[in-house]
Amino acid sequence: MAEMDTSGGDKHKKGPGVKKSKKQSTRVDLTPMVDLGFLLITFFIFTTSMSQPTAMRLFLPKDTDKPEEQNKAKESGALTIMLAKNDVIYYYEGMLAPDGANFKSTNFKGIRDVILTKKKSTDPKDFVVVIKPNKESTYKNTVDMLDEMTINDVKRYALVDIAEAEQMMIAATEGANPQ
């Protein structure tokens, strides 16, 4: 708390009936102000270190000189997951059959079992998951699927645009099973 020293320094009178004028000192104790300054500095240093941005860690493929060698994956090790509206997930293993025989659907509770089953039955260096969000899927679904990749310890996955044939398969399946 700031204090003012109001003591006069002079003890001698100038005459009878003359009142002595008190000279006030201008000395102010700034110790509490210094304490407050250090508290503010400590607070700002602490809060700036706490506000570091958090981001999802992604492992990107290595660059190659030949573009045809860059994104090679075996058909037998590929699992393609397509995200649709209403939290529905369509998937197929390998290449999509022309008649759509291997085109299946599930939800977010069932996709973990599909991923784990495929992962166990495939060589780890050949296993890759291709995630294809639909126009009608939500951002939340995409982030949830990326979280599934982390939870299931999938090392190789790709986020790719959906193909027209796959879009037509989804539309045909949703048309046959309206929700």
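One can find the structure itself at the top, above this paragraph.
Residues numbered from 1 in each chain as written. Predicted model: local features only at pLDDT ≥ 70, side-chain atom pairs only at ≥ 80, totals over all residues. Heavy atoms only, no water.

Helix length check: helix 4 (residues 139-151), at 13 residues, gives a terminal C-alpha distance of 18 Å against a target of 18 Å (1.5 Å per residue), a fit within 8%. Summarising the contacts, the buried residues of helix 4 are in contact with strand 1 (78-83), strand 2 (89-93), helix 3 (108-120), strand 4 (128-133) and strand 5 (157-159). (Helix = DSSP H or I, 4+ residues; strand = E, 2+ residues; numbered from the N terminus. Expected span 1.5 Å × (residues − 1). Contact = heavy atoms within 4.5 Å.)

Attention now moves to the pattern of salt bridges. The full count for this structure, using the stated rule, is 5 salt bridges. A salt bridge links R112 to E148, with the nearest nitrogen and oxygen atoms 2.9 Å apart. With a gap of 36 residues between them, R112 in helix 3 and E148 in helix 4 connect regions that are remote in the sequence. Residue class for R112 comes out partly exposed when judged on its relative accessible area of 33%. (Salt bridge = Lys/Arg side-chain N within 4 Å of Asp/Glu carboxyl O. Buried < 20%, exposed > 50% of the residue type's maximum accessible area, 1.4 Å probe, protein only.)

The 5 strands lie next to each other as 3-2-1-4-5, forming an open sheet whose pairing is mixed. Each edge of the open sheet is held by one strand with a lone partner, namely strand 3 (104-106) and strand 5. Strand-to-strand twist across the sheet, computed as the mean angle between neighbouring axes with direction ignored, equals 25 degrees. Pairing geometry for strand 4 and strand 5, over 3 bridges, is parallel. Each residue of the ladder has a partner; that of V130, found in strand 5, is A158. The sheet strands contacting helix 3 are strand 1, strand 2 and strand 3, and the helix crosses strand 1 at an angle near 170 degrees. (Pairing = 2+ DSSP bridges. Axes fitted to C-alpha atoms, helices over the stretch in contact; angles between N-to-C directions.)

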